[in-house]
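Listed here are the chains, written in short residue letters.
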Amino acid sequence: MKIFPSEKLMLKTSLSRAKVLERLHRRTISPDGLSADFENSLFEGHVSQDSFLIRSSVTENKMFLPEIQGKLNESPNGTEITVMMKHTDSISKFMMLWMAGVTLGIIVIVMAGFFAGGSKTAILIPSIILGTGIGFINAGFNSESKKAKEKLTRILDAEIKW
């Protein structure tokens, strides 16, 4: 289990690079909400000639939506897409701050336990909070990255190579 989960994969499709870009453009709205087909958009973000930076488009705010960064490489039999999924920078910064606070709490409890005769079992509470937070991060990210992979493979007629 990683503290900050991420995933790297390679998608392979028989579609040309131009067709991959066209499908991504058609299913991606820009962050300002502009799209030819807002109702059927699966992603929001930016698509350029050889890369994209998107995340799943949802109506409610989901904290664990991965940021999906992709690079297109045309090959003789289609297009290979290298994809990197990770948390957004704002979520990573928030979680670092939150974990630092909980870790500080653990240190304070340990120091109080050894030097002031406090309860040594009190360390369990912030330790459980820290473990639960890391578990939520991983469970949420893994669930949302699985959904994003399914969407990408479906709209690009791709298969996951690794």
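Now for a description of the structure that goes with this document. Owing to the predicted nature of the structure, the values given are computational and were not obtained by experimental measurement.

**Details of unusual backbone geometry**
Here is step 1 of the chain: Positioned with a positive phi, aspartate 157 is a non-glycine residue whose angle comes to about 45°.
Here is step 2 of the chain: Residue placement: aspartate 157 occurs in the loop between α3 (124-155) and β7 (158-160).

**As for the nonpolar core**
Grouped burial of nonpolar side chains is what soluble globular proteins tend to show.
Here is step 1 of the chain: Of all hydrophobic cores here, the largest spans 22 residues; its most connected members are Leu24, Phe52, Ile68, Ile81, Val83, Leu152 and Leu156.
Here is step 2 of the chain: When residues of this core are traced back to their parent elements, those giving at least two are β1 (6-13), α1 (17-27), β3 (43-47), β4 (51-56), β5 (67-75), β6 (78-86) and α3.
Here is step 3 of the chain: Examining the composition of this core, we find that 4 residues originate from one element, α3, more than from any other.
Here is step 4 of the chain: Within the second largest apolar cluster, 5 residues are counted, among which are Met99, Val102, Ile106 and Leu130.

**Points about the packing of helix α2 (residues 89-115) against α3**
Here is step 1 of the chain: Contact pair α2 / α3: the axes reach a minimum separation of 9 Å and the direction vectors enclose 160°. One element, α2, and the other, α3, form an angle in the roughly antiparallel class. As for how α2 packs across α3, the hand of that crossing is left-handed. Of α3, the residues touching α2 (which contributes Met95, Trp98, Met99, Val102, Thr103, Ile106 and Ile109) are Pro126, Ser127, Ile129, Leu130, Gly133, Ile134 and Ile137.
Here is step 2 of the chain: Its residues assigned to classes, the contact of α2 with α3 comprises 11 nonpolar, 3 polar and no charged.

**Examining the environment of alanine 148**
Here is step 1 of the chain: When you line up the elements, alanine 148 lands in helix α3.
Here is step 2 of the chain: Separated by 80 residues in the primary sequence, alanine 148 and isoleucine 68 have C-alpha atoms spaced 8.4 Å apart.
Here is step 3 of the chain: With near-sequence residues (within four places) excluded, alanine 148 lies in contact with Phe43, Ser56, Ile68 and Met85.

**Focus: the sheet that holds β4**
Here is step 1 of the chain: The 7 strands lie next to each other as β2-β3-β4-β5-β6-β1-β7, forming an open sheet whose pairing is mixed. Each end of this open sheet is capped by a strand with a single partner; those strands are β2 (28-29) and β7.

Cut-off values and rules
- Residue positions are counted from 1 within each chain, in the order its sequence is given.
- Side-chain atom pairs in this predicted model are given and counted only at pLDDT of 80 or more, local residue features only at pLDDT of at least 70, and totals for whole chains, interfaces and linings cover all residues.
- Note that the side-chain values use all heavy atoms of the structure and ignore hydrogens as well as water.
- Each helix is a run of H or I in the DSSP string that is no shorter than four residues. Each strand is a run of E no shorter than two, and both are numbered from the N terminus.
- Take the buried Ala, Val, Leu, Ile, Met, Phe, Trp, Tyr and Cys residues and link them wherever side-chain atoms come within 4.5 Å; each set so joined is a nonpolar core.
- Note on classification: 1.4 Å probe, protein chains only; a residue is buried when its accessible area is under 20% of the maximum for its type, exposed when over 50%, partly exposed between these limits.
- Each axis is a line fitted through C-alpha atoms, and for a helix only the stretch in contact is used; angles between axes span 0 to 180 degrees, taken between their N-to-C directions.
- Throughout, the term roughly parallel applies to angles under 35 degrees, roughly antiparallel to angles over 145, roughly perpendicular to angles from 65 to 115, and oblique to all others.
- Note on convention: near helix rotated counterclockwise from far helix by under a right angle means a left-handed crossing. Clockwise means right-handed.
- Contact definition: two residues touch when any of their heavy atoms are within 4.5 Å.
- In the scheme used here, Gly and all other residues not listed as nonpolar or charged are polar, with Ala, Val, Leu, Ile, Met, Phe, Trp, Tyr, Cys and Pro taken as nonpolar and Asp, Glu, Lys and Arg as charged.
- Here, any two strands with at least 2 DSSP bridges between them count as paired.

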